[in-house]
Amino acid sequence: MDVIKATPEYGLSIAELALIAGEGVPGYFWEQARQPHQSALEYGAEKAAGGAQNFSYRNVHLAMDRDRVAGMLLAYRLPDSGEFEDLDALPDFIRPLVELEQRVPGSYYINMLATYPAYRHQGIGSALMARVDGWAIEAGCELISIQVFEKNEGAVRLYRRLGYMEVDSRPVVGHPSMPHDGRILLLIRRVGQ
């Protein structure tokens, strides 16, 4: 399995994996923003192929099985304190996620980690996570952060096994796009630990 930096031509794969990782949230926003002539997935692929936002190929590393995409990790440096967006302008169900991001300014934030179903349970997520320290250093970060639904027990186990510790949480705000209830956990780990 090779790991490569994504390029614009992988926009569709990035969008497909984002729908898996985001468990409904990206699809909700893409459905709201898409043009009448395009599907939500097509809109997501267009955004992923662009470079003007955090959800972009420029923040994605892909796990490749020969010439096929097997999985991805999308991560980037969060803004420094004071540079965050206005919470009042956000939908209620998104606000807890952004509140947790604001607790770790300047950290290397793992926004999405996903594999296609055919590649699950093959260590791809662990292989991508094993490279995060290097990417965090390249981004000038000493702290790595990630959020996970507490009910996503497999992901919680993986991150804890990799040394991530819970430092905060927020209750999930019910919404048709949210697949879980319970709490959203904020986990962190120092680079090199």
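Please read all numbers here as calculations on a predicted model, not as lab measurements. (Residues numbered from 1 in each chain as written. Predicted model: local features only at pLDDT ≥ 70, side-chain atom pairs only at ≥ 80, totals over all residues. Heavy atoms only, no water.)

Student: Requested: an account of the pattern of salt bridges, with residues and values cited.
Tutor: Applying the stated criterion across every chain yields a total of 10 salt bridges. Put simply, Glu-31 and Arg-34 hold a salt bridge, and the shortest N to O gap is 2.8 Å. With relative accessibility at 40%, the residue Glu-31 sits in the partly exposed group. Asp-133 serves as the salt-bridge partner of Arg-189, at 2.5 Å between the closest nitrogen and oxygen. Note that Arg-189 is positioned in strand β7 (residues 183-190) and Asp-133 in helix α6 (residues 132-138), a separation of 56 residues in sequence. Residue classification places Arg-189 among the buried positions, given a relative accessible area of 7%. A residue is classified by how much of its surface remains accessible, and Asp-133, at 19% relative accessible area, is buried. (Salt bridge = Lys/Arg side-chain N within 4 Å of Asp/Glu carboxyl O. Buried < 20%, exposed > 50% of the residue type's maximum accessible area, 1.4 Å probe, protein only. Helix = DSSP H or I, 4+ residues; strand = E, 2+ residues; numbered from the N terminus.)

Student: Tell me what's going on with the packing of helix α2 (residues 25-33) against helix α3 (residues 40-49), and back it up with residues and numbers.
Tutor: Axis separation between α2 and α3 bottoms out at 8 Å; the angle between their running directions is 95°. By the angle class used here, α2 and α3 are roughly perpendicular. When α2 is examined against α3, the residues Gly-27, Trp-30, Glu-31 and Ala-33 are found in contact with a partner set consisting of Ala-40, Leu-41, Tyr-43 and Gly-44. For the contact of α2 with α3, the per-class residue count stands at five nonpolar, two polar and one charged. (Axes fitted to C-alpha atoms, helices over the stretch in contact; angles between N-to-C directions. Parallel < 35°, antiparallel > 145°, perpendicular 65-115°, else oblique. Contact = heavy atoms within 4.5 Å. Nonpolar A, V, L, I, M, F, W, Y, C, P; charged D, E, K, R; others polar.)

Student: Describe the pairing of strand β2 (residues 60-65), listing the residues and the values that go with them.
Tutor: Where burial is concerned, most of β2 is hidden: six out of the six residues are buried. Bridging between strand β1 (residues 2-5) and β2 involves four bridges; their strand directions are antiparallel. Counterpart to Lys-5 in the pairing with β2 is His-61. Relative to strand β3 (residues 68-77), β2 runs antiparallel, the two sharing six bridges. (Pairing = 2+ DSSP bridges.)

Student: Could you give an account of the side chain of Ser-107, naming the residues involved and the relevant values?
Tutor: Positionally, Ser-107 belongs in the loop between α4 (95-101) and β4 (108-115). With a relative accessible area of 0%, Ser-107 lands in the buried category. Aside from chain neighbours lying at most four places away, what touches Ser-107 is Tyr-76, Arg-77, Leu-78, Cys-141, Leu-143 and Ser-145.

Student: Before we move on, could you go through the side chain of Asn-59 and cite the residues and values that matter?
Tutor: If you trace the backbone, Asn-59 turns up in the loop between α3 and β2. If we ignore the near neighbours within four places in the chain, the residues touching Asn-59 are Lys-5, Gln-53, Asn-54, Leu-73, Leu-74, Ala-75 and Tyr-76.

Student: Summarise the packing of aromatic side chains; cite the residues concerned and give the values.
Tutor: If you walk through the whole model with that rule in mind, you get six aromatic pairs. Ring pairs connect the aromatic residues Tyr-28, Phe-29 and Phe-93, which therefore count as one cluster. (Phe/Tyr/Trp six-rings, centres within 6.5 Å; stacked < 30°, edge-to-face > 60°.)

Student: Quick one: what's the story with the sheet that holds strand β6 (residues 165-171), residue by residue and with numbers?
Tutor: Read across the open sheet, the seven strands follow the order β1-β2-β3-β4-β5-β7-β6; overall the sheet is mixed. Single-partner strands in this sheet number two, and they are β1 and β6. In this sheet, adjacent strand axes meet at a mean angle of 25° when their direction is disregarded.

Student: A description of helix α7 (residues 153-161) should follow, citing residues and the corresponding values.
Tutor: Count 3.6 residues to each turn of an α-helix, and residues three or four apart come out pointing the same way. Along α7, the residues that are buried comprise Ala-155, Val-156, Leu-158 and Tyr-159. Here the buried residues of α7 occupy an arc of 160° about the axis, which is enough to place them on one side. With respect to the buried face of α7, the exposed residues turned more than 90 degrees away are Glu-153, Arg-157 and Arg-161. Structurally, α7 contributes buried residues whose contacts are with β4, α5 (124-129), β5 (143-149) and β7. Immediately downstream of α7, the backbone of Gly-163 shows phi near 95°, a positive value. (Arc of directions from axis to C-beta.)

Student: Residue-level account of the confidence of the model for the protein chain, with values.
Tutor: When pLDDT is averaged along the protein chain, the result is 93, and 99% of the positions lie at 70 or above. Summarising per-element confidence for the protein chain, the mean pLDDT is lowest in α2 (91) and highest in β3 (98). (pLDDT = per-residue confidence, 0-100.)

Student: Quick rundown of the nonpolar core? Include the residues and the values.
Tutor: By size, the foremost hydrophobic cluster in this structure holds 63 residues, and its most contacted members are Leu-73, Ile-110, Val-132, Tyr-159 and Tyr-164. By residue number, the principal contributor to this core is β3, which donates seven residues. In contact with Tyr-164, not counting residues within four places along its chain, are Ile-110, Met-129, Val-132, Ile-144, Ile-146, Tyr-159, Leu-187, Ile-188 and Arg-189. (Core = buried A, V, L, I, M, F, W, Y, C linked by side-chain atoms within 4.5 Å.)

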